[in-house]
Amino acid sequence: MRDLRGLYSALLGSFNEDGSVSEKGLRQIIRHNIDHNKMDGLYVGGSTGENFMLSTDEKKRIFEIAKDEAKDDITLMAQVGSVNLKESIELAKFVEDLGYDAISAVTPFYYKFDFDEVHHYYERILEGVDMRMVIYFIPFLTGVNFSIEQFKTLFENKKIVGVKFTQGDFYLLERMRKTFPDKLIFAGFDEMLLPATVLGIDGAIGSTYNVNAERARQIYDLARAEKISEARAIQHVTNDLITDILDNGLYGTIKLLLEEQGIEAGCCREPMKPYTPEMRTRAKEIYKKYF
Ligand code: SI3
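Worth saying up front: this structure is predicted, and the values here are computed from it rather than measured.

Caption draft 1: Examining the overall build of the chain more closely. Each helix and strand in the chain was counted, giving 12 helices and eight strands. Over its C-alpha atoms the chain spans a radius of gyration of 18 Å, differing by no more than 12% from the 19 Å that the globule rule assigns to 291 residues. Counting across all 291 residues of the chain, residues that qualify as buried make up 57%. Element-wise, carbon and sulfur atoms account for 50% of the exposed surface of the chain, whose accessible area totals about 13000 Å². Computed over 37 positive and 46 negative side-chain charges, the inter-centroid distance for the chain is 2 Å.

Caption draft 2: How the structure looks around the sheet that holds strand 8 (residues 203–206). With parallel pairing, the eight strands of this closed barrel are ordered in space as 1-2-3-4-5-6-7-8. Here the average twist between neighbouring strands, direction ignored, is 25 degrees. Pairing analysis gives five bridges linking strand 4 (residues 102–106) to strand 5 (residues 132–137), with the strands arranged parallel. Note that in strand 5 the partner of Ala105 across the bridge is Ile135.

Caption draft 3: Representation of the packing of helix 3 (residues 85–98) against helix 4 (residues 115–127). Contact pair helix 3 / helix 4: the axes reach a minimum separation of 8 Å and the direction vectors enclose 35 degrees. Judged by the sense of rotation from one axis to the other, the crossing of helix 3 with helix 4 is right-handed. Packed against helix 3, whose contacting residues are Leu85, Ser88, Ile89 and Ala92, the element helix 4 presents Tyr121, Arg124 and Ile125 at the interface.

Caption draft 4: Molecular detail of the layout of surface pockets. Approximately 330 Å³ is the volume attributed to the largest pocket. Lining the largest pocket are 23 residues, and of these Gly188, Phe189, Ser207, Leu250 and Tyr251 lie nearest its centre. Breaking the lining of the largest pocket down by element, the ones donating at least two residues are helix 5 (139–142), strand 8, helix 10 (228–248) and helix 11 (250–260). Of the residues belonging to the lining of the largest pocket, the class tally is 12 nonpolar, eight polar and three charged. There is about 260 Å³ of room inside the second largest pocket. As for the second largest pocket, its lining consists of 15 residues, and the residues nearest its centre are Asn16, Glu17, Cys267, Cys268 and Pro274. Split into classes, the residues belonging to the lining of the second largest pocket amount to five nonpolar, three polar and seven charged.

Caption draft 5: Structural view of helix 3. Helix length check: helix 3 (14 residues) gives 20 Å between terminal C-alpha atoms against 20 Å at 1.5 Å per residue, within 8%. Buried within helix 3 we find Glu87, Ser88, Ile89, Leu91, Ala92, Phe94 and Val95. Of the surrounding elements, those touching the buried residues of helix 3 are helix 2 (56–70), strand 3 (75–79), strand 4 and helix 4. A side-chain oxygen of the first residue of helix 3 lies 3.2 Å from the backbone nitrogen of Lys86; this N-cap is Asn84. Just past helix 3, the residue Gly99 takes up positive phi, approximately 95 degrees.

Cut-off values and rules
Counting of residues starts from 1 at the beginning of each chain's written sequence and follows it residue by residue. Reporting of local features is limited, given that this is a predicted model, to residues whose pLDDT is at least 70; pairs of side-chain atoms are given and counted only at 80 or more, and all residues count toward the totals for whole chains, interfaces and linings. No hydrogens and no water enter the side-chain calculation; it runs on all heavy atoms of the structure. Elements are defined by DSSP. Helices are runs of H or I of four residues or more, strands are runs of E of two residues or more, and each kind is numbered from the N terminus. Within these notes, the globule rule equals 2.2 Å times the number of residues to the 0.38 power, and the radius of gyration is based on C-alpha atoms. Accessible area is worked out with a 1.4 Å probe on protein chains only. A residue is then buried under 20% of its type maximum, exposed over 50%, and partly exposed in between. To be clear on the numbers: accessible area is Shrake-Rupley with a 1.4 Å probe, and residue cover counts the displayed protein chains and nothing else. Only four residue types enter the charge count: Lys and Arg as positive, Asp and Glu as negative, with His and the chain ends excluded. Note that the charge is assigned to NZ on lysines, CZ on arginines, CG on aspartates and CD on glutamates. Any two strands with at least two DSSP-identified bridges between them are counted as paired. The axes are straight lines fitted to the C-alpha atoms, using for helices just the contacting stretch, and the angles between their N-to-C directions are given from 0 to 180°. Take the far helix as your reference; a near helix turned counterclockwise from it by less than a right angle gives a left-handed crossing, and one turned clockwise gives a right-handed crossing. Whether two residues touch is decided by their heavy atoms; if any such pair falls within 4.5 Å, the residues are in contact. Put simply, the grid is 1 Å and covers the protein atoms alone, a cavity is a trapped set of points that fit a 1.4 Å probe, a pocket is an open set with protein on both sides within 12 Å along at least five of seven lines, and lining residues have an atom within 4 Å of a point. Grid points are joined across faces, edges and corners, and a volume is the space filled by probe spheres set on the points. Think of it as three bins: nonpolar holds Ala, Val, Leu, Ile, Met, Phe, Trp, Tyr, Cys and Pro, charged holds Asp, Glu, Lys and Arg, and polar takes everything else, Gly as well. Expected span of a helix: the number of residues minus one, times 1.5 Å. Pairs of N or O atoms are called polar contacts if they sit within 3.5 Å, as long as, within protein, a hydrogen donor faces a hydrogen acceptor (for residues adjacent in sequence, only side-chain-to-side-chain pairs).

This is how it looks when you write it as structure tokens:
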């Protein structure tokens, strides 16, 4: 069984102008993450993949393309969570058959599910598969928060091996690390990689690693070696870059930065905005400034 720890790029979605999935673009992004970025893993079907705007068939196709391109070169974690539980169950079985290393599932969102319902959701997804699961915890987008006690209840299922912690609450992160030394904690905010690493995470999953992998690796390695001031200097540059990316449109700008490196990363899926000439110009400036 593959060790799940390490740095993962959250795989970008790649779309043609008509909104269809660009297989060519996806394959190029995947190869770039393996050959150039030297990532430990890919998180397929997450927020960065614009997943929640896709049909079940499109999600399946992207899981297939990622596995076909990556083979066993890199750890593959599939985000199968959906507000449609039947779809999540189906996708979990689908990626198990494809040979993915682990699944992840976002907390069900939109309706204000109570904790018992959320717990039931995870149990139902896991019933049908023999796979390791990482909970996708991202309260700022889902509105779903857990206490330590609630995490404890979820973690009673041995198939749940960890959490992708996209949350800026370092007190909670520290409590989690102490309470669950055997569970895997992946940091989800790239701008907080250094402090999260200091607190003892097992890895990180991020959108900006598609383009800023080298600095992310340096921060992670330096922090683990307790070379904090060197790591902080790189986190500062990284956060200047992330601030500029966020100001110009997160996923689109990352794709435009990849375009500067010769990767046909494609467009975003509507209702996300198409690229404007100003956005393209700004992405070129950002590229020049940081790369
Ligand atoms: O699911 C995913 O694609 C992620 O891993 C998401 C990851 O946590 C990113 N969060 C979102 C909402 O995109 C971060 O990498 C984030 O883009 C980055 O820290 C910039 O804020």
